[in-house]
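Remarks on the overall topology
Take a look at the letters that make up each chain.
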Amino acid sequence: MDPEGQEETREDRDDKQVVTEIMARCFTPALITNTPWEGFHFVGHEIRITEATDSYGAVVWPSALVLCHFLETNAKQYNMVDKYVIEIGAGTGLVSIVASLLGAYVTATDLPELLGNLQYNISRNTKMKCKHLPQVRELSWGVALERNFPRSVNNFDYILAADVVYAHPFLEELLVTFDHLCKETTVILWVMKFRLEKENKFVDRFKELFDLEELSSFPSLDIKLYKAMKKNRRSA
Ligand SMILES: C[S@@+](CC[C@H](N)C(=O)[O-])C[C@H]1O[C@@H](n2cnc3c(N)ncnc32)[C@H](O)[C@@H]1O
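Residues numbered from 1 in each chain as written. Predicted model: local features only at pLDDT ≥ 70, side-chain atom pairs only at ≥ 80, totals over all residues. Heavy atoms only, no water.

**Here's the deal with the site of the ligand**
What counts, and what does not: One heavy atom suffices: a residue is near a molecule or strand as soon as one of its heavy atoms comes within 4 Å of it. Two N or O atoms form a polar contact when they lie within 3.5 Å of each other; inside protein one atom must be a possible hydrogen donor and the other a possible acceptor, and for residues adjacent in sequence the pair counts only when both atoms belong to side chains. Only the protein chains shown count as covering a residue, and every accessible area follows the Shrake-Rupley method with a 1.4 Å probe.
As a matter of local geometry, the ligand sits amid 19 residues, with Trp61, Gly89, Asp110, Trp141 and Ala162 nearest to it. Between Trp61 and the ligand, the recorded distance is 2.9 Å, taken from a backbone N or O atom to an oxygen atom. Gly89 has a polar backbone atom sitting 2.8 Å from a nitrogen atom of the ligand. About the coverage of the ligand: the protein hides 96% of its 580 Å² of free accessible area.

**Examining the packing of helix H2 (residues 62-73) against helix H3 (residues 94-101)**
For the record, the criterion: Working convention: axes come from line fits to C-alpha atoms, limited for helices to the stretch in contact. Angles between N-to-C directions cover 0 to 180 degrees. Helix and strand definitions here come from DSSP, where helices need a minimum of 4 consecutive H or I residues and strands a minimum of 2 consecutive E residues; each element is numbered from the N-terminal end. Note on terminology: angles under 35 degrees are roughly parallel, angles over 145 are roughly antiparallel, angles of 65 to 115 are roughly perpendicular, and the others are oblique. Whether two residues touch is decided by their heavy atoms; if any such pair falls within 4.5 Å, the residues are in contact. Under the convention adopted here, Pro, Cys and the residues Ala, Val, Leu, Ile, Met, Phe, Trp and Tyr are nonpolar, Asp, Glu, Lys and Arg are charged, and Gly plus all remaining residues are polar.
Interhelical geometry of H2 versus H3 gives an angle of 10° and a closest axis separation of 9 Å. Between H2 and H3, the angle falls in the class roughly parallel. Together, Ala64, Leu65, Leu67, Cys68 and Leu71 of H2 and Leu94, Val95, Val98 and Ala99 of H3 make up the contact between the two elements. In the contact of H2 with H3, the residues fall into 9 nonpolar, no polar and no charged.

**Brief notes about unusual backbone geometry**
Of note, the phi angle at Met128 is positive, near 65°, even though the residue is not glycine. Within the secondary structure layout, Met128 lies in the loop between helix H4 (115-126) and strand S6 (135-138). Here the phi dihedral of Asp163 falls at roughly 55°; this positive angle occurs in a residue that is not glycine. Looking at the secondary structure, you find Asp163 in the loop between strand S7 (158-162) and helix H6 (171-181).

**Here's the deal with the sheet that holds strand S1 (residues 26-27)**
For clarity, the threshold we go by: A pair of strands counts as paired when DSSP detects no fewer than two bridges linking them.
Reading across the sheet, the 3 strands line up as S1-S2-S3 and stay open at both edges, with antiparallel pairing between neighbours. Every other strand in the sheet has two partners, leaving S1 and strand S3 (45-50) as the edge strands with one partner each. As paired elements, strand S2 (residues 37-42) and S3 share 6 bridges and run antiparallel to each other. Bridging from a neighbouring strand, Phe40 pairs with Ile47 of S3. Here H3 sits on the sheet and contacts S2 and S3; the angle it forms with S3, its principal contact strand, is near 155°.

**Observations regarding the pattern of salt bridges**
Keep this limit in mind: Between Lys or Arg on one side and Asp or Glu on the other, a salt bridge is scored when a side-chain nitrogen of the former is within 4 Å of a carboxyl oxygen of the latter. A 1.4 Å probe rolled over the protein chains alone gives each residue an accessible area, and that area as a share of the maximum for its type sets the label: buried under 20%, exposed over 50%, partly exposed in between.
The tally for this structure, following the rule as stated, stands at 10 salt bridges. Where Asp82 meets Lys131, a salt bridge forms, and the shortest distance between an N and an O atom there is 2.9 Å. Of this pair, Asp82 sits in the loop between H2 and strand S4 (84-88) while Lys131 sits in the loop between H4 and S6, and the two are 49 residues apart along the sequence. By relative accessible area, which is 35% here, Asp82 ends up partly exposed. Residue class for Lys131 comes out exposed when judged on its relative accessible area of 52%. Between Arg205 and Glu172 there is a salt bridge, with the nearest N and O atoms lying 2.5 Å from each other. With Arg205 in helix H7 (residues 197-209) and Glu172 in helix H6, this pair connects stretches of sequence that are 33 residues apart. Take Glu172: its relative accessible area is 42%, and that puts it in the partly exposed class.

So far we have only geometry, and geometry alone does not tell us how the molecule works.
Okay, here's the thing in structure tokens:
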């Protein structure tokens, strides 16, 4: 029984156990250094991420940890080795780093003002450790997509996205971006943090274009992990 006298379900216990395991991957440095960083353990590596406090993309959000943990613990089923992967809204780059350490060709993308820190974190954590060195590129949702990422050239096996849906004015552009980057065989792994009603509406809009499957749910974090593929695929 929990303190409020309600029966704890098996889902609650699983949620708590996995969330504890996920959060335990994060540590803070024992010594205070000139450049503050936060540490994470994934795929047998110590990953050091430099954060900044001036923008949404400059901290590691819990959704990113959920996606990293998923990639690591499901590496057989969702094998990243030699796969072409793009991350949108990569922020500090943790998810892209983990996908690179797992063997993928990764393109980490975000708004132009985030790219300096993103590149720094990615270089610092992947040099001499990865099969394929990841790329960092600007991708502002909905902007110049055909010029910068032509459909005829895009060949992504996976699109990764952690916590890209919140109260920002670019939700339609985000949807257009998913659609633009996604081929018939592309798998989207998307971790969503639910905060407001607006976000449920985005999921409904998303379902108009993509087949959406909930792979896991973490009620204590208000987070769900989804797999999606384009609707009406010839092979479906
Ligand atoms: C809540 S943060 C999540 C960052 C990272 N994925 C994580 O989970 O730690 C949202 C990310 O989306 C990016 N973003 C917001 N609006 C964007 C836009 N219009 N185009 C591209 N990226 C955008 C932000 O810069 C930020 O990196």
